[in-house]
Amino acid sequence: MKHQLLQHLLLRKKLLPLVAFILLFAGFNCSSPNQNAVELVFAFGPDESGTIQELIDRFNKENEGAIHVTWNQGSRFSDAFYSELVAEFESGAPIFDVVGSDVIWTPAFATNQWVEDLTQRFFAEHEPLDFIDGAMESVSYNYKVWGLPWYTDAGMLYYRKDLLEKSGFEYPPATWSELITVAKKVMEDSGTKNGYVFQGADYEGGVTNACEFIWNANGNILVGDLYVPASFDQESPDLDLITVNSQESRTGLTALRDLIDSGIVPENISEFKEREGAQVFQNGDAVFMRSWASSYGYLLNPESKVKPGQVGLTMIPTSQRNMVPYSCLGGWNLMISSKSNAEKKEAAWKFINFMANEESQRYRAMNSGILPSMRKLYNDEKFIKEAPVVEFAKQVIPICKERPRSPFYMEMSPEISNVYARLVKGELEPAEAVTSLQTRLEAVLKKHQ
């Protein structure tokens, strides 16, 4: 990637004088009303809802002549986007000033001093209680604040409420075995092609699914598996004891294999990421879907064959009844590059406050289905009626758990996702999977001891 970036910069250096000459020759004035504005580059993945670009345009208009933001779109997949960002950070001169950061990246970004310590700025204008606990915890590391909570997310189970009712089911399933039973009955009654779709591919989304299968059988990946909420000033624990090789973890991953072996999932489920699952579900070809709250936005698309009124939301199933149905915490934060100059950092702080303010969070929640990070919005009855997914999220977020919170998480992630994907494909049995995970994750931590 560094080589590609160098080629890009050299080409840009060669082309800019030529472009200016052509414009002058053609009689154009190359000056711009924004020529004295602070130019910021914002790095984040694509947004199909169009709400991010709309907000950037609003900000640019409100700050015309003073600040101008350009959106540099990266990969849509979290792990690929992370690699792109790291390559830029490690170059010593990243092309961006503001970055959208997955909630799990804060320890790595802070430890490597890639992003600005925003503690003083934050407390001058905000309070930790302005944001829900999980979101606040995700920007905090070692008693400091490294970003602004932008939006949050949580794993949840979508289901065809209308089809379940027609088949005589008053409530959604609470366990994985119940889901199989209900799915088969509804498939038979309605002719729906698939009973369950989820993220089965080898990528970050697979990690979140693997965590939920393990957690919802009372298993843990390591001693430091964190519950949300956690207090802001709680020191990050020393994550040095992997505990995934347990009977509970085997039980959780056995539930995954049972789902696949039952015949209710697509044959190519190992290729499914969020978009593939959402496309199948919104086309009316699945009874159940594990996805994020943000996937609710797909149902708001006028082209969706399945409408919001036909869909119910419930907790991720567990291996047995009366277990806590944990969900994986998701979401994104806004951070400022530590390499930007003082003028850009000041402008960047203004920009991220605009993107994360109450008005912007309301707008995105109602037009893209994402969950806000501001606490007050979860108690705003009018807002909840306009953004119904928020009401259910109030029940889920308090029982969310974080993926392993560690500066080395992005070294653990591919190990988890690879073992998970092999299990989905049938290349590993659950007992082999947890043994392999134990060995691989211990090796990651050992490298840093």
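Residues numbered from 1 in each chain as written. Predicted model: local features only at pLDDT ≥ 70, side-chain atom pairs only at ≥ 80, totals over all residues. Heavy atoms only, no water.

## Here's the deal with the environment of alanine 348
Line of reasoning, step 1. Counting through the fold element by element, alanine 348 comes out in helix α13 (residues 342–355).
Line of reasoning, step 2. Its relative accessible area of 0% is what places alanine 348 among the buried residues.
Line of reasoning, step 3. Expressed as a C-alpha distance, the spacing of alanine 348 and valine 41, which sit 307 residues apart in the sequence, is 9.2 Å.
Line of reasoning, step 4. Other than its neighbours up to four places away in sequence, alanine 348 contacts Leu40, Val98 and Ile336. (Helix = DSSP H or I, 4+ residues; strand = E, 2+ residues; numbered from the N terminus. Buried < 20%, exposed > 50% of the residue type's maximum accessible area, 1.4 Å probe, protein only. Contact = heavy atoms within 4.5 Å.)

## Quick word on the pattern of salt bridges
Line of reasoning, step 1. Tallied over the full model, the rule gives 23 salt bridges.
Line of reasoning, step 2. Its salt-bridge partner being arginine 364, residue aspartate 47 comes within 3.8 Å of it at the nearest N-O pair. With aspartate 47 in the loop between β1 (38–44) and α2 (51–62) and arginine 364 in helix α14 (residues 358–368), the pair connects residues that are 317 residues apart, well separated along the chain. Accessibility assignment for this pair places aspartate 47 and arginine 364 in one class, buried.
Line of reasoning, step 3. With a shortest N-O distance of 3.0 Å, arginine 362 and glutamate 358 are connected by a salt bridge. Taken as a pair, arginine 362 and glutamate 358 lie in helix α14 at a separation of four residues, close to a single helical turn. (Salt bridge = Lys/Arg side-chain N within 4 Å of Asp/Glu carboxyl O.)

## Digging into the layout of surface pockets
Line of reasoning, step 1. Considered as a void within the structure, the largest pocket measures approximately 1000 Å³ in volume.
Line of reasoning, step 2. Together, 37 residues line the largest pocket, and Pro46, Tyr151, Glu274, Ser294 and Tyr298 are the ones closest to its centre.
Line of reasoning, step 3. Of all the elements in the fold, those that place two or more residues in the lining of the largest pocket are β6 (148–160), α9 (204–215), α11 (274–282), α12 (296–299), β10 (327–336) and α14.
Line of reasoning, step 4. A class-by-class count of the residues in the lining of the largest pocket yields 11 nonpolar, 15 polar and 11 charged. (1 Å grid on protein atoms, 1.4 Å probe; cavity = no way out; pocket = protein on both sides within 12 Å on 5 of 7 lines; lining within 4 Å. Points joined across faces, edges and corners; volume = space filled by probe spheres on them. Nonpolar A, V, L, I, M, F, W, Y, C, P; charged D, E, K, R; others polar.)

## Focus on the packing of aromatic side chains
Line of reasoning, step 1. With the rule as written, the count across this model stands at 26 aromatic pairs.
Line of reasoning, step 2. Note on phenylalanine 59 and phenylalanine 351: the rings are 5.1 Å apart at their centroids and 70° apart in plane angle, and the pair reads as edge-to-face. Taken together, the residues span a long stretch of sequence, with phenylalanine 59 in helix α2 and phenylalanine 351 in helix α13 at a distance of 292 residues.
Line of reasoning, step 3. The exposure class of phenylalanine 59 is buried, given its relative accessible area of 1%.
Line of reasoning, step 4. Assessed through its relative accessible area of 0%, phenylalanine 351 is described here as buried.
Line of reasoning, step 5. An angle of 5° between the planes, with centres 5.2 Å apart, marks the rings of phenylalanine 89 and tryptophan 114 as stacked. You can see phenylalanine 89 sitting in helix α3 (residues 78–91) and its partner tryptophan 114 sitting in the loop between α4 (106–111) and α5 (119–125), a full 25 residues away along the chain.
Line of reasoning, step 6. Its end group placed over the ring of tyrosine 363, arginine 58 keeps NZ or CZ at 4.4 Å from the ring centre.
Line of reasoning, step 7. Its end group placed over the ring of tryptophan 292, arginine 290 keeps NZ or CZ at 4.5 Å from the ring centre. (Phe/Tyr/Trp six-rings, centres within 6.5 Å; stacked < 30°, edge-to-face > 60°. Lys NZ or Arg CZ within 6 Å of the ring centre and 35° of its normal.)

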